[in-house]
Amino acid sequence: MPVYTLPDLPYDYSALAPVISPEIIELHHDKHHAAYVKGANDTLEQLAEARDKETWGSINGLEKNLAFHLSGHILHSIYWQNMTGPKDGGGEPLAADGVGELADAIAESFGSFARFKAQLSKAAATTQGSGWGVLAYEPLSGRLIVEQVYDHQGNVGQGSTPILVFDAWEHAFYLQYRNQKVDFIEAMWQVVNWRDVARRYEAATSRADVLLLAP
């Protein structure tokens, strides 16, 4: 049975200041993300017990819990890597910075970086309740798309691969930005690690036939 583990942060708690405070990073990673890891592992144990005892009365709840906690773990694991300090991150992906293929893909899929930025910002800001705005590679069309994730699930193409995620849950910003989610999302653009996003884009596009829809 695979066991999920909490990944280490790729920087210290203060690395993203002043965009995200050290207190938020510590609580978000060490408490919230850790809870999703524990939740996924606990649910796997409960599912194993259900199989052993052939007691399926709680299967719907267990499957939903596994999807919730595992998606939370995956999205947060991407989230930490998607960010870097304000001195090194942010701005627009440019060929001069070694991320030209990503920049071209964004322009081709959305018309321009400005249009992409507006769509992802709006998607993250308007997700009902808690959720995420996500830039994903969609393999059927070979293009980039923006998705909304409610809580940690929903409104996503089943085969799409997330390469840039904006966490719009209140625990990601409330201690610093209070109820101004839009301000937090706008500030997030200052710490995007485009090299990490480009690496994820390259990995996603290099996998052939990940969706076998026909013989």
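With an unreviewed UniProt entry as reference, the chain is termed Superoxide dismutase, source organism Streptomyces caelestis. Regarding the chain, the relevant UniProt record gives this comment under Function (unreviewed entry): "Destroys radicals which are normally produced within the cells and which are toxic to biological systems." Check the Sequence similarities (unreviewed entry) section of the UniProt entry for the chain; it says "Belongs to the iron/manganese superoxide dismutase family."

Attention shifts here to the overall build of the chain. Tallying secondary structure elements over the chain gives seven helices and three strands in all. Scanning the chain from its N terminus toward the C terminus, one meets helices and strands in the order α-α-α-α-β-β-β-α-α-α. Based on the C-alpha atoms only, the size of the chain along its principal axes is roughly 60 × 50 × 30 Å. Buried residues in the chain amount to 44% of all 215 residues. Accessible surface, the chain: about 11300 Å² in total, of which carbon and sulfur atoms supply 50%. Of the side-chain charges in the chain, 16 are positive and 27 negative, and the distance between the mean point of each set is 3 Å.

Turning our attention to the UniProt feature "domain: Manganese/iron superoxide dismutase N-terminal" (unreviewed entry) in the chain. According to UniProt, the "domain: Manganese/iron superoxide dismutase N-terminal" (unreviewed entry) feature falls on residues 4–84. Secondary structure across residues 4–84 comprises 68% helix and 0% strand; the distance between its end C-alpha atoms is 24 Å.

Glancing now at a negative patch on the surface. A cluster of acidic side chains, namely Glu101, Asp104, Glu108 and Glu202, defines a negative patch on the protein surface. In terms of residue count, helix α3 (residues 100–110) provides more of the negative patch than any other element does, three residues in total. Accessibility expressed as a relative area gives 61% for Glu101, which makes it exposed.

Tracing the backbone through its elements, the reader meets Thr84 in the loop between α2 (59–81) and α3. When neighbours within four sequence positions are excluded, Thr84 is seen to be in contact with Leu16, Gly89, Val191, Val192 and Asn193.

Let us look at unusual backbone geometry. The peptide bond linking Ala17 to Pro18 adopts the cis configuration, its omega dihedral lying at 5°. Non-glycine residue Arg178 carries a positive phi angle of around 55°. Inspection of the secondary structure puts Arg178 in the loop between α5 (174–177) and α6 (181–188).

Note on pairing: side chains with opposite charge can pair once their charged atoms come close. This model, assessed by the stated rule, comprises five salt bridges. Between Lys53 and Glu49 there is a salt bridge whose closest N-O contact spans 2.8 Å. Here Lys53 and its partner Glu49 are both found in helix α1 (residues 22–53), four residues apart, which amounts to about one turn of the helix. A salt bridge links Lys117 to Glu186; the shortest N-O distance between them is 3.6 Å.

Our next topic: the packing of aromatic side chains. For the coordinates displayed, the defined rule picks out 15 aromatic pairs. Ring geometry for Phe113 against Trp194: centres 5.8 Å apart, planes inclined by 75°, an arrangement best described as edge-to-face. Taken together, the residues span a long stretch of sequence, with Phe113 in helix α4 (residues 113–126) and Trp194 in helix α7 (residues 194–206) at a distance of 81 residues. The exposure classification of Phe113 matches that of Trp194, with both residues buried. What links up through ring pairs into an aromatic cluster is the set Phe110, Phe113, Phe116, Phe166, Trp189 and Trp194.

The rules behind these values
- Residues numbered from 1 in each chain as written.
- Predicted model: local features only at pLDDT ≥ 70, side-chain atom pairs only at ≥ 80, totals over all residues.
- Heavy atoms only, no water.
- UniProt positions renumbered as here; feature names shortened; annotations may be inferred.
- Helix = DSSP H or I, 4+ residues; strand = E, 2+ residues; numbered from the N terminus.
- Buried < 20%, exposed > 50% of the residue type's maximum accessible area, 1.4 Å probe, protein only.
- Areas by Shrake-Rupley, 256 points an atom, 1.4 Å probe, with all protein chains shown as cover.
- Lys, Arg positive; Asp, Glu negative; His and termini not counted.
- Charge placed at Lys NZ, Arg CZ, Asp CG, Glu CD.
- Patch = residues over 30% accessible without salt bridge, like charges linked within 9 Å, V, L, I, M, F, W, Y side chains within 5 Å.
- Salt bridge = Lys/Arg side-chain N within 4 Å of Asp/Glu carboxyl O.
- Contact = heavy atoms within 4.5 Å.
- Phe/Tyr/Trp six-rings, centres within 6.5 Å; stacked < 30°, edge-to-face > 60°.

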